[in-house]
Amino acid sequence: MINPLRGMKDTIDEASQRYTYFIENCSRIAKNYGFSFIETPILEETALFKRSVGESSDIVGKEMYQFIDKGGNDVCMRPEGTAGVVRAFISAKFDKAGGVKRFFYHGPMFRYERPQKGRLRQFHQFGAETFGEYSIKEDAMIILMLQEIFDFFGIKTKLLLNSLGCKECMPPYREKLVKFLDKTEGLCEDCLRRKETNPIRVLDCKNETCQNLLQNAPMLSENLCESCQSDFSELKTILDRFDVSYEVDTKLVRGLDYYNKTAFEFISDEIGAQSAIAGGGRYDRLVEFLDGKPTAGIGFAMGVERLLDLIQMPNTLREGFYICALCEEASEKVMELVIKKRKSNVVHTNYEAKSLKAHLKAADKSGVKEFVCIGEDELKNGQVWIKNLETKEERTLAFEQF
RNA sequence: GUGAGUGUAGCUCAGUUGGUUAGAGCAUCGGGUUGUGGUUCCGAGGGUCGUGGGUUCGAGCCCCAUCAUUCACCCCA
């Protein structure tokens, strides 16, 4: 027997119902916020991810499904969605056209990691990106939209918020931090490595001794430039005004290199060690890193699998018909009615002529609302016999009227 | 890549200090004389006990290896 590869799952049965329910409603909400659907290739040139996600990230360093294709191209299955959308934006020359563009996307992402709860090798993200809008109001709008999505599905979350600064204030801060770390003795091995690759990450080390050593470390929030500072406080004001609760977490860092200014993460304590269910922020420099005309960018991504366990599904209503034959002679008529009814209804059927009891059982299980059968009597009278499985009400109808 | 746990029927799991023919519930299918489901009663099918080696008169149970899976670390959605 051939099993799916490690960390890859089939979306089937109940899971597929949850998946489509989730995607459909996220899409609906995103459209209300002015976003339109975009689909980009799963396979891209490896260079795209190296330049956008950043070489320092573990994603690029060791988690990419990267290979040389038959034409000798260095290609990679996308580990995240933003890079491809930005690439598509530039490929369509929307950067030169100017104006504001909003896109949402969903689909599979690939990272070669050891699977665990809430982590797969092939997983799905739903995300959205806005281009060409520098206003902090857009940051707020995107957070509001996520909050609306979580509210709709009945998911309890906590919002963590931070500002990472911009090209003016971030580099000096980083230097300050590294200087501080250099004269700090006793950091754990991981932190010593992080100091080289992504010093900001040291701040959220889970090691207790590291946290004690970091108590006097320079804080990012106290080193923001004036415009970052005022944008950040305006963002908080808007969130307050529209009743979105948040927690400022000065240690919050995004895992990907392209973020600046606003960074946020929605977390849940109900899904195991992987608590982040959505993350996002601003990436005003990414378009130009990828050879486009400088264009503001901001977006987010949600981890679909992490969310599916948490969403409350509505009660499924009975729908459609189950049409069947009680005797062999009725089979032809049944098929005719099935085909006719399927033009505008959900219709289940069973090709075998069986006892009423057996058919009723099957109809009940298929979740239809009305049971329709033709037996000897009905065939003789040119009628169908109908039973409503909810109300138990029974009636007959002439073939033509059904 | 590192560490720990778990592999017995389609699913969830029992299975004694190693001892005859490996069990249950759910699910599936069939029946309970005339055409009434979700909620009754009876019955049936379904297992190379993850795989390979070893110890033993004898292994689902003990030992070794291997594979799969789960959780955690790292990192991330």
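Residues numbered from 1 in each chain as written. Chains lettered and ligands numbered in written order. Predicted model: local features only at pLDDT ≥ 70, side-chain atom pairs only at ≥ 80, totals over all residues.

Undergrad: How would you summarise the packing of helix H6 (residues 136-153) against helix H10 (residues 226-241) if you had to cite specific residues and measurements?
TA: Between H6 and H10, the shortest axis-to-axis distance is 9 Å and the interhelical angle comes to 40 degrees. Between H6 and H10, the interaxial angle falls into the category oblique. The element H6 and its partner H10 pack so that their crossing is right-handed. For the pair H6 and H10, the contacting residues are Ile-136, Lys-137, Asp-139, Ala-140 and Ile-143 in the first and Asp-231, Glu-234, Leu-235, Ile-238 and Leu-239 in the second. Of the residues in the contact of H6 with H10, the class split is six nonpolar, no polar and four charged. (Axes fitted to C-alpha atoms, helices over the stretch in contact; angles between N-to-C directions. Helix = DSSP H or I, 4+ residues; strand = E, 2+ residues; numbered from the N terminus. Parallel < 35°, antiparallel > 145°, perpendicular 65-115°, else oblique. Left-handed = near helix turned anticlockwise from the far one by under 90°. Contact = placed C-beta atoms within 7 Å. Nonpolar A, V, L, I, M, F, W, Y, C, P; charged D, E, K, R; others polar.)

Undergrad: Which residues make up the confidence of the model for chain A, and what are the values?
TA: Averaged over every residue, the pLDDT of chain A is 91; the share at 70 or more is 100%. Both confidence scores are given for the complex: pTM 0.92, ipTM 0.89. (pLDDT = per-residue confidence, 0-100.)

Undergrad: For the nonpolar core, give the residues involved together with the corresponding values.
TA: The tendency in soluble globular proteins is for nonpolar side chains to be buried side by side. Counting 73 residues, the largest nonpolar core has Leu-146 and Met-302 as the members making the most contacts within it. A per-element tally of this core places H6 first, with eight residues. What Met-302 contacts, discounting residues up to four positions off in sequence, is Gln-125, Phe-126, Gly-127, Ile-277, Ala-278 and Leu-307. Residues Tyr-322, Ile-323, Leu-326 and Val-384 belong to the second largest nonpolar core, which totals 16 residues. (Core = buried A, V, L, I, M, F, W, Y, C linked by C-beta atoms within 7 Å. Buried ≥ 20, exposed ≤ 12 C-beta atoms within 10 Å, placed from the backbone.)

Undergrad: Now, about helix H1 (residues 14-32): what can you tell me, with residues and values included?
TA: End to end, H1 covers 28 Å across 19 residues, agreeing with the expected 27 Å (1.5 Å per residue, within 8%). By the burial criterion, the buried members of H1 are Phe-22, Cys-26 and Ala-30. With its buried residues spanning 60 degrees around the axis, H1 presents them on a single face. Residues of H1 that are exposed and angled more than 90 degrees away from the buried face: Ser-16, Thr-20, Glu-24, Arg-28 and Asn-32. With its phi angle positive at about 90 degrees, Gly-34 sits one or two positions after the end of H1. (Expected span 1.5 Å × (residues − 1). Arc of directions from axis to C-beta.)

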